[in-house]
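Residue-level structure breakdown
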Amino acid sequence: MESLSTKETTSKDCNGKSVFENVVRAPDVPVYAVMVAYSKDPSPLKLNLGIGVYRTEDGKPHVLNVVRRAEKLLLDDKSATKEYLPITGMAEFNKLSAQLVFGADSPAIKENRVTTVQCLAGCGSLRTGADFLAKHYHQHTVYLSQPTYGNHPNFFLAAGLTLKTYRYYDPTTRGLDFQGMLEDLGSAPSGAIVLFQSCSHNPTGVDPNLEQWEQIRQLMRSKGLLPFFDNAYQGIVSGSLDMDAQSVRMFVTDGGECLVAQSYSKIMGLYGERVGALSIVCKTADVASRVESQLKLVIRPMYSNPPIHGAAIVTAILKDREMFDEWTVELKAMVNRIIDLRKQLYDALCDRGTPGDWSHIVKQVGMYAFSGLNAEQVGFITKEYHIYMSSDGRINMAGLSAKTVPYLADAIYSAVTRIL
Amino acid sequence: MACRRFVNQQVQIRSGARFMSSWWQSVEPAPKDPILGVTEAFLADPSPEKVNVGVGAYRDDNGKPVVLECVREAERRIAGNLNMEYLPMGGSVKMVEETLKLAYGENSEFIKDKRIAAVQALSGTGACRLFADFQKRFRPDSQIFIPVPTWSNHHNIWRDAQVPQRTYHYYHPESKGLDFAALMDDIKNAPNGSFFLLHACAHNPTGVDPSEEQWREISHQFKAKGHFAFFDMAYQGFASGDPNRDAKSIRIFLQDGHHIGISQSYAKNMGLYGQRVGCLSVLCEDEKQAVAVKSQLQQIARPMYSNPPVHGALIVSTILGDPELKKLWLQEVKVMADRIIGMRTMLRENLEKLGSPLSWKHITDQHTAYCKQIGMFCYSGMTPEQVDRLTKEFHIYMTRNGRISMAGVTTGNVGYLANAINEVTKPA
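Residues numbered from 1 in each chain as written. Chains lettered and ligands numbered in written order. Predicted model: local features only at pLDDT ≥ 70, side-chain atom pairs only at ≥ 80, totals over all residues. Heavy atoms only, no water.

**Structural notes on the interface of chain B and chain A**
- Listed as interface residues are 105 residues of chain B and, on the opposing side, 105 residues of chain A.
- Seen at the junction of chain B and chain A, the total is four salt bridges.
- For glutamate 75 of chain B, the salt bridge identified is with lysine 82 of chain A, shortest N-O distance 3.1 Å.
- Of all the elements, helix α12 (residues 287–305) of chain B adds the most residues to the side of chain B that touches chain A, at 11 residues.
- Looking at the side of chain B that touches chain A, its residues break down into 50 nonpolar, 30 polar and 25 charged. (Contact = heavy atoms within 4.5 Å. Salt bridge = Lys/Arg side-chain N within 4 Å of Asp/Glu carboxyl O. Helix = DSSP H or I, 4+ residues; strand = E, 2+ residues; numbered from the N terminus. Nonpolar A, V, L, I, M, F, W, Y, C, P; charged D, E, K, R; others polar.)

**Let's talk about the sheet that holds strand β4 (residues 165–169) of chain B**
Residue and element names in this part refer to chain B.
- Taken together, the seven strands give an open sheet; going across it, the order is β2-β10-β9-β8-β7-β3-β4, and neighbouring strands pair in mixed fashion. For this open sheet the edge positions go to β2 (116–121) and β4, each flanked by a neighbour on one side alone. Within this sheet the neighbouring strands show an average axis-to-axis angle of 25 degrees, counted without direction.
- Pairing of strand β7 (residues 195–199) with strand β8 (residues 228–233) involves five bridges; the strand directions are parallel. Residue pairing across strands places phenylalanine 195 opposite phenylalanine 228, the latter belonging to β8.
- Those strands touched by helix α4 (residues 93–104) are β2, β8, β9 (261–265) and β10 (278–283), and its axis lies near 65 degrees from that of β10.
- Contacts from helix α6 (residues 123–138) reach β2, β3 (144–148), β7, β8, β9 and β10, with the element oriented near 155 degrees to β9. (Pairing = 2+ DSSP bridges. Axes fitted to C-alpha atoms, helices over the stretch in contact; angles between N-to-C directions.)

**Some words on the domain arrangement of chain B**
All names here are of chain B.
- By the assigned domains, chain B splits into domain 1 (36–66 + 339–424) and domain 2 (69–324).
- Measuring from the centre of the C-alpha atoms in domain 1 to the corresponding centre in domain 2 gives 27 Å.
- If you look at the interface, domain 1 gives 22 residues, while domain 2 gives 21 residues.
- Taking both partners together, domain 1 and domain 2 bury about 1,700 Å²; carbon and sulfur atoms supply 62% of that area.
- Our count for the contact surface shared by domain 1 and domain 2 stands at zero salt bridges.
- Elements represented by at least two residues in the side of domain 1 that touches domain 2 include exactly α14 (323–353) and β11 (377–379).
- Looking at side-chain class alone, the side of domain 1 that touches domain 2 contains 11 nonpolar, nine polar and two charged residues. (Domains from an automatic or database assignment. Buried area = accessible area lost by both parts, 1.4 Å probe.)

**Topic: empty space enclosed by the protein**
All names here are of chain B.
- Per the stated rule, a full pass over the model turns up seven cavities of 30 Å³ or more.
- For the largest cavity, the calculated volume is near 330 Å³.
- Considering each element in turn, the lining of the largest cavity owes the most residues, three residues, to α6.
- Residue composition of the lining of the largest cavity, by class: 12 nonpolar, 10 polar and five charged.
- Mapped onto the domain boundaries, the lining of the largest cavity takes at least three residues apiece from domain 1 (36–66 + 339–424) and domain 2 (69–324). (1 Å grid on protein atoms, 1.4 Å probe; cavity = no way out; pocket = protein on both sides within 12 Å on 5 of 7 lines; lining within 4 Å. Points joined across faces, edges and corners; volume = space filled by probe spheres on them.)

**Quick notes on the pairing of β3 of chain B**
Residues and elements named next belong to chain B.
- In terms of burial, β3 is a largely internal element, four of the five residues being buried.
- Note: β3 against β4, five bridges, orientation parallel. Along β4, the bridge assignment pairs valine 148 with histidine 169.
- Considered for its hand, the β-α-β crossover made up of β3, helix α7 (residues 152–160) and β4 is right-handed. (Buried < 20%, exposed > 50% of the residue type's maximum accessible area, 1.4 Å probe, protein only. Right-handed = clockwise from strand over helix to strand, strands pointing away.)

**Notes on the layout of surface pockets**
- Roughly 1,300 Å³ of volume is contained in the largest pocket.
- Taken together, 41 residues make up the lining of the largest pocket; nearest its centre are Pro88, Gly90, Val93, Lys294 and Gln298 of chain B.
- If you list the elements that add at least two residues to the lining of the largest pocket, you get α2 (30–40) of chain A together with α4, α5 (109–112), β2 and α12 of chain B.
- For the lining of the largest pocket, the leading source of residues is α12 of chain B, giving seven residues.
- For the lining of the largest pocket, the per-class residue count stands at 24 nonpolar, eight polar and nine charged.

**Digging into the pattern of salt bridges**
- One pass over the full model with this rule turns up 38 salt bridges over all chains.
- Measuring nitrogen to oxygen at the nearest pair gives 3.0 Å for the salt bridge that ties glutamate 183 of chain A to arginine 167 of chain A. Of the two residues, glutamate 183 of chain A sits in helix α8 (residues 178–186) while arginine 167 of chain A sits in strand β4 (residues 162–167), which places them 16 residues apart along the sequence.
- Among the residues examined, glutamate 183 of chain A registers a relative accessible area of 45% and is labelled partly exposed.
- We classify arginine 167 of chain A as partly exposed; its relative accessible area is 37%.
- The partner of lysine 426 of chain B in a salt bridge is glutamate 423 of chain B, with the nearest N and O atoms 3.0 Å apart.
- The class for lysine 426 of chain B is partly exposed, based on a relative accessible area of 37%.
- Each of Glu214, Arg217, Arg221 and Asp254 of chain A takes part in salt bridges that share partners, so that together they form one network.

**Structural notes on unusual backbone geometry**
- The omega angle of the peptide bond from glutamine 146 of chain A to proline 147 of chain A is 0 degrees, so this bond is cis rather than trans.
- Mapping proline 147 of chain A onto the fold places it in the loop between β3 (141–146) and α7 (152–158).
- The peptide bond linking valine 148 of chain B to proline 149 of chain B adopts the cis configuration, its omega dihedral lying at 0 degrees.
- Relative to the assigned elements, proline 149 of chain B resides in the loop between β3 and α7.
- Unlike most non-glycine residues, arginine 276 of chain B shows phi in positive territory, near 60 degrees.
- Locating arginine 276 of chain B in the fold gives a position in the loop between β9 and β10.
- We classify arginine 276 of chain B as buried; its relative accessible area is 2%.

**Quick notes on the packing of aromatic side chains**
- Taken as a whole and assessed by the stated rule, the structure comprises 38 aromatic pairs over all chains.
- Consider the rings of phenylalanine 196 of chain A and phenylalanine 229 of chain A, whose centres lie 5.6 Å apart with planes at 35 degrees: the pair is tilted. On the criterion of sequence distance, the pair formed by phenylalanine 196 of chain A in strand β7 (residues 193–197) and phenylalanine 229 of chain A in strand β8 (residues 226–231) is long-range, its members being 33 residues apart.
- Ring centres of phenylalanine 231 of chain B and phenylalanine 253 of chain B lie 5.0 Å apart, and the angle between their planes is 85 degrees; this geometry places the pair in the edge-to-face category. Placement of the pair is phenylalanine 231 of chain B in strand β8 and phenylalanine 253 of chain B in helix α11 (residues 248–255), with a sequence separation of 22 residues.
- Cluster of aromatic residues (ring-pair linked, three or more members): Phe131, Phe134, Phe138, Trp158, Phe195, Phe228 and Phe230 of chain B.
- Sitting over the ring of tyrosine 38 of chain A, lysine 46 of chain A keeps its end group 4.5 Å from the ring centre.
- The lysine or arginine in question, arginine 302 of chain B, covers the ring of tyrosine 32 of chain A, its NZ or CZ lying 5.4 Å from the ring centre. (Phe/Tyr/Trp six-rings, centres within 6.5 Å; stacked < 30°, edge-to-face > 60°. Lys NZ or Arg CZ within 6 Å of the ring centre and 35° of its normal.)

Structure below.
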């Protein structure tokens, strides 16, 4: 075993300076910085309400039973190999994923008008879609909701697209600024891309209702705007996979085109496996086929083909009636726990006579509550109570439990009475 | 239910929607990937005699894909025990640590001094792409010198990263070996401080590697010109059966003080193809710079996929972190490498026995005593037309550049393959 002498290792005069001398340290991703701070905090009272992962009532990471079952099936299948998947991923996975979001009886699927490619969770799906649009779509402006998931701008910027925002959250009502949204989309240039979150809006927890979605749809179609859905929480709002996909399905049933990024990170607890899919609904089967061929050219120079494991787990679950049902039961349990926690938190805040209207805690839906706390109040809560959340006041409801709700309520009460 | 009313309603209401033609009307069908398209065609072929020597995935002597025993054991340990939480943006720390040891040396001073910026990547493709994007961002005026020929996806990667490409001489068709003189000329004539893509071992698609002495000369010339060496090492252990030996080129460059970049992949040497496990590393001046570079690599990964997949990384770290499993892995890698070396010998012997008038020495060695073809691939020297005949008449599938994936050759099909090659290459 060769080892390098001291002289050789310190010989930097070989090439002089590094060619990457000019590289400065990148700023931390805000939500990860929160995580790091949390992990370094020695306080036994600390509470992690930052990053969007589901936790059990004991505050532990949650692997679904049905996922463990699927894993075991895969492990026991001696015939399974680790061969490369096709560039577009696992065919059965793609088919089942499309059915999941569009509905098994979707005419678009029956007519072969949908191309679905396996991607690296929602992030990978968004980036692949963004790169495809940058190459093949005539309009390079993307509208994002104000606010939106922190990483959304990055996918489209990396693809070379231009960003604009549309009004979405109304801080005074802590609900949807529907008029503002319609106005901004109404003044978008024809053909502009509009990114929607199909449900469980991150970070606000505010979703349009179905009437509002219908109005949005009509506006989108009359202006020829292109919808791109981020579908990362299907099932986590209502517990019903079909209900939570209604917004997307409206835009397919009308015969128009759209893009959909799907993620199994939260809905199946597969976070680190990076499982997702990008679907592009096209006018005709021929177009869908050509689009798929071009998606391959985007994917191949990025990572060649997607990882097997997560997709194999998803497929095992979706294709087996019994396992699928078990999954929906576990999903419903997760959702019920979150809904219950919202009520608990609301009650706790009211019980303490916390100033202000806290009804948004129970009106907002999905994983997150947009508390309405400002950055100063959030900082206070972190410092004094060792409770960690995003600086925009977003709370991961799934990080709470019956035990910790009172503590959070105390902290919020304290913050809003001490800091205005 | 309210929702159903709305769904039904807008099926009828076509008003307000502008039903123009598809947004994608002008999208052209893309050409099939030259390598992956081969396997697609192979799978579609109903002939019982078909042989796939196209894509570079290892097959055992029965032509079957192999899952290594060490991998099976690792998966047994992982399943049911670990959660699936997000990895950090830079991937599994443990996996990266073990991976750097393989490339830089078990006791590498660079690892101890924390001078290496390294992140988990999506196999070799992902590692190359991260580097290409990084190169574009921080050395926007640079270009990449790529050997002729190379793995076709290299061109796609640097093109999509928008880094201009130049080529350098590599393969010598007449000798089916290395065009060393022209290679050295290209290194000398490139502008100072150019970026070069080098295959660390088992060059894809030719199988032609520089000798140790030639690597030293290349390194020396790189020093004189201040060039940057980026190594794509996708076959460590797989070429000779000995990972340290296969990393020789890299070790030479490190000894000579170069600050290199490396793409590593576990696709072949651990049989983890579809798990997409790899690593990108960049050797920096000091720890501070390594921290900076790593943070920037993560910034590139974030809008691509946020964080890399966990399963394959767990397999790697479980194996390499356990001395017994690591030992088993090294044995299994040697078995694979030996089988391929054995098939090379058999193919050459069969061709020579058939009385082929051409020289097939390059399959196993080169009579100029410098280089021999090694690794998974053999550049047969066949023309695209001859390859087409192999496919049409004999149902043998390979890429049209005449590259044979030796891993697809078995004792069962080597005779058939040799015969077919002889048929299409013999003088008319």
